[in-house]
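For reference, the chains in residue letters:
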Amino acid sequence: MKKVLFFALLAGMQISQAQTKHERFTQKINGTSLEFTMEAIPGGEFEMGSATSAKADEKPVHKVKIDPFWMGTYEVTWNIFEPFLYKDYEVTKSDGGKVPANVDAVTRPTKPYLDMTFGYGKDGQPALAMTHYNAIQFCKWLYVRTGVFYRLPTEAEWEYAARAGSKTAYFFGDDASKLGEFAVYKDNSGGKTAKVGQKKANPWGLFDIYGNVGEWTYDQYQEDYYKQFEGKVADNPVNVPTTLYAHSVRGGSFESEAVDLRSAARHFSDPFWKQLDPQIPKSNWWFPEAPFVGMRLVRPVKQPSHEEIMAYYDKAPIKDF
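Everything quoted here is computed from the prediction, not taken from an experiment. (Residues numbered from 1 in each chain as written. Predicted model: local features only at pLDDT ≥ 70, side-chain atom pairs only at ≥ 80, totals over all residues. Heavy atoms only, no water.)

A. Representation of the layout of surface pockets. Quantified by volume, the largest pocket comes out at close to 480 Å³. Lining the largest pocket are 20 residues, with Arg151, Thr154, Glu157, Val238 and Pro300 positioned closest to its centre. Within the lining of the largest pocket, the residues separate by chemical class into 12 nonpolar, 2 polar and 6 charged. For the second largest pocket, the calculated volume is near 350 Å³. What lines the second largest pocket is a set of 25 residues, and nearest its centre among them are His132, Tyr133, His247, Pro317 and Ile318. Only α5 (132-146), β6 (214-220) and α7 (306-313) provide two or more residues apiece to the lining of the second largest pocket. (1 Å grid on protein atoms, 1.4 Å probe; cavity = no way out; pocket = protein on both sides within 12 Å on 5 of 7 lines; lining within 4 Å. Points joined across faces, edges and corners; volume = space filled by probe spheres on them. Nonpolar A, V, L, I, M, F, W, Y, C, P; charged D, E, K, R; others polar. Helix = DSSP H or I, 4+ residues; strand = E, 2+ residues; numbered from the N terminus.)

Written out as structure tokens, the structure reads:
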């Protein structure tokens, strides 16, 4: 474990320097040929929510302070998610065809009984339909592989990054007719996901922040959560999840209307997403009726202690009956 902490410290020094320069960071998954990129998101303050929306859960608009962090350039694709999912596949991607014992010890998802790609394809396509718990365990697998703490964004971090300094409905303004340049959504998706990065990025280098797949945040969804911050400045707020439903999902998907792709629009998980699951209790790992939810990674500039990291990853799953 000392080796893991050393790599985390070393990588932390490198990423802090790059963060200052707002450069893209490439994370190699140690022991494999796989890698992914992260964009530097500067710290700052923004106004969260929408004063013009008809939706009560986007009010009141309130000020939020956010520390700098890194966010995935793209949504997590099957290319890097599948080695976590299937050991046999991980072996083919590992140097020398061997998976280190500490990596192999990470709990993997149960194999889904359905095709979780839903026929949309794998190469370059966003990974789909994982549960909130599954998404966090994938982050744990990355930590063991890289020595670097990856996690889900908080709901506030997600909106801050999506806005990229804007105060309008979308990061490019209020004119929804321009969405086609930046997002895969109901009007142009053909009813399926697209390979990541096919549309234009937002000003902070994030592709598909709107549409394609909705993206998990760490937060428990609470309709009136913003009320406690009225007239205040919320400092890196997070609504730590304590129950299985609902968790906040952001960004809308390939199935979503334009209004649901706004930076302030809030969505959440639903037990209906497991209605077809015949298992008793239902799977901790998969949502067989949610081909529209995926994930995007965050790496904080300041890495927590190993103990704090493991406390984040090792919360027991809540059974879904």
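The rest of the description comes next.
B. Here's a closer look at the packing of helix α2 (residues 78-85) against α5. The N-to-C vectors of α2 and α5 enclose an angle of 90°; their axes lie 10 Å apart at closest approach. With respect to α5, the axis of α2 lies roughly perpendicular. Here Ile80, Phe81, Pro83 and Phe84 of α2 come into contact with α5, specifically with Asn134, Gln137, Phe138 and Trp141. For the contact of α2 with α5, the residue count by class is 6 nonpolar, 2 polar and no charged. (Axes fitted to C-alpha atoms, helices over the stretch in contact; angles between N-to-C directions. Parallel < 35°, antiparallel > 145°, perpendicular 65-115°, else oblique. Contact = heavy atoms within 4.5 Å.)

C. Broad picture of α5. Given a rise of 1.5 Å per residue, 15 residues ought to cover 21 Å, and the 21 Å separating the end C-alpha atoms of α5 matches this to within 8%. When you tally the buried positions in α5, you get 14 out of 15 residues, the bulk of the element. Gly147, located one to two residues past α5, shows a positive phi value of around 75°. (Expected span 1.5 Å × (residues − 1). Buried < 20%, exposed > 50% of the residue type's maximum accessible area, 1.4 Å probe, protein only.)

D. Inspection of the sheet that holds strand β7 (residues 233-235) at higher detail. If you trace the 3 strands from one edge of the open sheet to the other, you get β3-β4-β7, paired in mixed fashion. Single-partner strands in this sheet number two, and they are β3 (44-48) and β7. Going across the sheet, the axis of each strand differs from the next one's by a mean of 30°, ignoring polarity. Across the sheet, helix α6 (residues 155-163) is in contact with β3 and β4 (62-66); its angle to β3 comes to roughly 95°. (Pairing = 2+ DSSP bridges.)

E. Looking closely at α2. Burial runs high along α2: 7 of the 8 residues are buried. Tucked inside the fold, the buried residues of α2 contact β2 (35-41), α3 (87-93) and α5.

F. Highlighting the environment of Leu34. Positionally, Leu34 belongs in the loop between β1 (25-28) and β2. The buried category is assigned to Leu34, whose relative accessible area is 12%. In the structure, Leu34 is positioned 45 residues away from Asn79 in sequence and 8.0 Å away in space, judged by C-alpha atoms. Not counting the four nearest positions on each side in its chain, Leu34 is found in contact with Gln27, Lys28, Ile29, Asn79, Ile80, Pro83 and Lys93.

G. Focus on the nonpolar core. Residues Phe81, Phe138, Trp216, Met295, Leu297 and Tyr313 are the most contacted members of the largest nonpolar core, which totals 55 residues. Of all the secondary-structure elements, those providing two or more residues to this core are β2, α2, α5, β6 and α7. Element by element, the count of residues in this core is highest for α5, at 8 residues. Non-local contacts of Leu297, meaning those with residues more than four positions away in its chain, are made with Phe36, Met38, Trp70, Met71, Gly72, Val76, Phe138, Cys139, Leu142, Tyr150 and Arg151. (Core = buried A, V, L, I, M, F, W, Y, C linked by side-chain atoms within 4.5 Å.)

H. Local environment of empty space enclosed by the protein. Inspection of every chain in the model, using the stated rule, returns 1 cavity of 30 Å³ or more. Approximately 40 Å³ is the volume found for the largest cavity. What lines the largest cavity is Met48, His62, Glu155, Ala156, Asp219, Tyr225, Tyr226, Phe229 and Pro237.

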